[in-house]
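Topology and contacts: notes
Given next are the chains, with one letter for each unit.
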Amino acid sequence: MRVVTHRSGERKKPVKWQKSIGLLAAACLFVALSASTPATAHLDANASKLQTVATQSQIVTRAPDVAPSKNAILNMFQWTWNSIATECTDVIGPAGFGYVQVSPPQEHIIGDMGANGSPWWTSYQPVSYKLESKLGTAEEFAAMVNTCKAANVSIIADAVINHMTGQTTPGTGWGGTPYSLENYPGPEGQYTSEHFHDCKTDIANYGDREEVQNCRLVALQDLDTGSAYVQQEIADYLDKLANIGVAGFRIDAAKHMDATELEQIKSRTTSAQEKFWIHEVIGSGGEPIQPTEYLGSGDSHEFNYARTLKASFNGKISNLQKLGINQDLLEGYRAGVFVDNHDTERNQETLSHHAGNKYLQANVFLFSYPYGSPSAYTGYEFANDGIAREFGAPQSPSGEVLDVDCAANAFTCIHRQPEISNMVGFYNDVRATELNNWQNFENGNVVGYGRGEQGFVALNNTEQESKQTFRTFLPQGTYCNIVASNELENCAQTYTVDAAGQVDITVPAGKSVVLWTSHSTKTGAPVYDEGETTVYFHKYSSWADVNMHYGVAEAWTTPPGASMKDTCDGWYSITVPSNGSFEAVFNYQGDWNKQLHGGNYRLSGDKIAVTHGSAINIDPCAASALTKVVVYYKANPAWANHNVHYGYGTKGWTTPPGELMSPTCEGWLRKTITTDGSELELVFNNGNGEWDNPIGGGNYRSDATVIAIDNKTMTFGAPCAPEDELPEENPEPVEPEGLEIDQVKVFYRAPHAWTVPYIHFGRGDNWTSAPGLPMTEACEGWYTYTINEVLGLTSVSAVFNNVGSDWDNNNDLNYKFTTEIVAIENGNTTFADPCFEEPGSGEPGTETPSPSEPGSEQPGTETPLPTEPIPNEPSNGLPIAAGPDDGDAQVLGDSEETDDDQDNPNSTSKGDLADTGSVVSVLIAVLSVLLLVTGVMTLIIVRIKQNNQAKA
Ligand code: LAG
Ligand code: CA
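All of the points below concern the structure found in this document. (Residues numbered from 1 in each chain as written. Chains lettered and ligands numbered in written order. Predicted model: local features only at pLDDT ≥ 70, side-chain atom pairs only at ≥ 80, totals over all residues. Heavy atoms only, no water.)

Moving on: the sheet that holds strand E37 (residues 706-710). One key point about sheets: their strands pair by backbone hydrogen bonds, in either a parallel or an antiparallel sense. Pairing is mixed in the open sheet, where five strands are placed in the order E32-E33-E29-E37-E38. Both edges of this open sheet fall to strand E32 (662-663) and strand E38 (713-716), since each of them pairs with a single strand only. Relative to E37, strand E29 (residues 627-634) runs parallel, the two sharing four bridges. In the sheet register, Tyr632 faces E37, and the bridge partner there is Ala708. (Pairing = 2+ DSSP bridges. Helix = DSSP H or I, 4+ residues; strand = E, 2+ residues; numbered from the N terminus.)

One closed barrel accounts for eight strands, arranged E1-E2-E3-E6-E7-E8-E9-E10; its pairing is parallel. Strand after strand, the sheet turns through a mean of 30° between neighbouring axes, direction not considered. Here strand E6 (residues 248-251) runs beside strand E7 (residues 276-279); their pairing, made up of four bridges, is parallel. In the strand pairing of E7, Gly248 is matched with Phe276. (Axes fitted to C-alpha atoms, helices over the stretch in contact; angles between N-to-C directions.)

In summary, soluble globular proteins display a tendency toward joint burial of nonpolar side chains. Counting 120 residues, the largest nonpolar core has Ile84, Phe97, Met144, Phe249, Phe365 and Phe367 as the members making the most contacts within it. Beyond its immediate stretch of four places on either side in the chain, Met144 contacts Trp81, Ile84, Ala85, Val102 and Ile155. Counting residues in each nonpolar core, the second largest holds 25 residues, with Val756, Val790, Val796 and Ile824 among its members. (Core = buried A, V, L, I, M, F, W, Y, C linked by side-chain atoms within 4.5 Å. Buried < 20%, exposed > 50% of the residue type's maximum accessible area, 1.4 Å probe, protein only. Contact = heavy atoms within 4.5 Å.)

Turning our attention to the pattern of salt bridges. This model, assessed by the stated rule, comprises 22 salt bridges. Arg334 is paired through a salt bridge with Asp299; the nearest N and O atoms lie 3.0 Å apart. With Arg334 in the loop between helix H9 (303-313) and strand E9 (335-338) and Asp299 in strand E8 (residues 299-301), this pair connects stretches of sequence that are 35 residues apart. Like Asp299, Arg334 is buried. A salt bridge links Glu725 to Arg670; the shortest N-O distance between them is 2.4 Å. Here Arg670 lies in strand E33 (residues 668-675) and Glu725 lies in the loop between E38 and strand E39 (744-749), a separation of 55 residues in the sequence. Accessibility assignment for this pair places Glu725 and Arg670 in one class, buried. A cluster of three or more residues bridged by salt bridges with shared partners is formed by Asp158, Arg250, Asp252 and Glu280. (Salt bridge = Lys/Arg side-chain N within 4 Å of Asp/Glu carboxyl O.)

Turning our eyes to something else, we now look at the site of ligand 1. Taken together, 18 residues are adjacent to ligand 1, and Trp121, Val218, Glu280, His342 and Asp343 come closest. At 2.8 Å from a nitrogen atom of ligand 1 is found a side-chain nitrogen or oxygen belonging to Asp252. Taking Asp343, its side chain carries an N or O atom lying 2.4 Å from an oxygen atom of ligand 1. Starting from 650 Å² of accessible surface for ligand 1 in isolation, the protein chains cover 81%. A breakdown of the residues in the shell around ligand 1 according to their chemical character gives nine nonpolar, five polar and four charged. (Near = heavy atom within 4 Å. Polar contact = N/O pair within 3.5 Å; in protein donor to acceptor, adjacent residues only side chain to side chain. Areas by Shrake-Rupley, 256 points an atom, 1.4 Å probe, with all protein chains shown as cover. Nonpolar A, V, L, I, M, F, W, Y, C, P; charged D, E, K, R; others polar.)

Here you go:
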């Protein structure tokens, strides 16, 4: 029988719970007698190795006790080892953090020593596994580990093991180790070319698993992590760190390594496999590699949590209420969550300290909302424009990073703000409790919520102060606002909770108020003492049913406890007499391993939903938990089908084209969508490449329950009389009719500033690569292009551009063609040839022949259907049909130039240089190519920027 011991470095608060010896004995006896079904292999491994998941015996012996096993992390970007040691003693340990995540400790390249010094990212280009770096020596590293340990803080090392440097010319590393391309003499991290993957090109297509894992991430030489030799070198490095006393690893670029290979590396380690592993897997909808694959060797980061924080603080924070029960996120007990990290504060995928109050409030949320294990971030100031975001931390002329001086150098020291430092103790105290009493005000941007009977949080994400009466489960007393200042002894702001748990709070503009029994003069008893509680638990797919083992006051059920019943959509429930507050754990056939905290939930309230680590005081089966939104759409007579493509809250988007709407009253379609009550975003399309976005681009947004969209205008309420409505069904898509013409001759009169207009067109779903193809001058001011082979197609559409940032996409609607001749000028379409001269009225042959298109063999490179919400600034003026697409940079590389040269009748060979006309043609051709190249470059840059989010 394993007796639970707490690692001294992990435990922050004395556990106040005592239970009778008799109960412990009974529980132990139960464990000894029960034939437990072995859990799946990887969970078993985690339970014994990670110390993050409690084992059956732990849970049962701990039934009366809460043993925190996942502590808060502080990610200290580019802090020196000496500075971290001091900070552990002075700030981090006392605040209650369990771990510090440090920047990569291994030897790295020296980096460019120009006027701006060495960039931060030299840390991510290993030369060897010697612990000599700009952040400190091996001795300093070990001293930091020990000093922090003495302050009850453990170290997590950032392990860069996917690659070595990105250098093509030979050099010497920070610790004096020479290297050259794919040649690293070590001795630790000793590699030659045979130890690298065969692919030597950069990753371009994130849709290709092999490429993402075996090719080079931003030119970094990619280790053959499948080879036994490489695996052992890496394992030895991790063991070395573990033996120094490192408690865990953040596995850098985990997505770029095969998950099974990482499991193999882990199994080759000795001490390191006992440690906490967390994988940096940047989950991106639609990509083949997902964070869940990596759970066999550790936890994963949940980037969607951070993205949702940004979207909500820039939208409505009321959308955050049900985050923890969202079944699309990683299961909370395996998820690492954060507001930002060093990459996302630069690429702006998330909030960052540049967002000021919103950022601080997001940190309050991070430490007060029950989902995942939180990691706060602290780095240094930088200007987020261009090259400046690459500048390194304050450093000496030779590139050593300077020790942190919060008052004098660029380190933000933001972790010392009360919204972070004072929230850690709060988190440690409340994390086993449910979230309760969620309240929304001010249109969803002032919210309040409680944690158990000991905490309450009010957030004000508006620019005005907001005075509200909040309902809480707090005992009566006077409470300090623990985030008003660092000083808690002589509290700056206090609030009084009355005997009914009500408290009047004027929440300052952009600020938070956090009340915690630990800093109060609480006098009364807990407020909530109703007779019974209904608990809902979301069943794991591997469980056939669910038991709740619970204790009210001193009396516990006999393990495995009471059986819950299947109530709705995977939620199992049970109603128990509770007298307010009680403790519970959930299990099925001996599997008790899925509690975030390794201990019991402490629950109060009438209805509580529990799912993989989060407990939230709502009824997930109540009709109000799920909101039905009825969407009406005015039929477009040219569309055979009408689809609604949508997403909300943390729910991903539907797969394009979305869901087919069904006809209702005359001229209208309808679709009922079930949401979690958060704002719904939606766009419409005909399933055939034609999209309807609101004026100005982006998506329609609403949190109303009945909406109608007619000619880009949204109104609320049904446009049909009830008696005229047809029942909603799941219609079959109608096959649209094909065109009966062979070609479309397009004339376009460009705005003045354009030299040669380009036409970017789609034959059905098959689009040209942006920017498309140059048009030919037809007559004064008019350009033309003929799109061939359109017979039978159901749509032909186009947009125009100047191979620069100017696009004419018909106000996001794209131009659609159904006739043989079409002329467009100032957004108006007519159907006659604007260059046609009456026979005899002028010289013949003023019309230049239109270039024929490069044949239907051209690669159908652009996906016209967006796979994500269409961004508010649709693709730099790209047609809305050409949604965000990973492959573009690559596609644009093999531009249409080649095709042009082959097919453009204007292309000229040297032999033709006989008359001035030809010279002009050559000049025009050269100019076109130049313009095309510039355009392509611009687009590549733009695309690379867009793709950065998905990278790394
Ligand atoms: C990561 N996670 O998966 C790190 O969080 C991220 O910060 C690392 O990129 C990346 N993966 C590799 O470990 C950082 C910078 C890159 C930098 C790279 C290597 O964001 O900008 O690349 O570290 O130092 C730099 C240049 C590249 C160049 C490369 C190789 O920016 O243009 O190709 O060095 O010379
Ligand atoms: Ca790799």
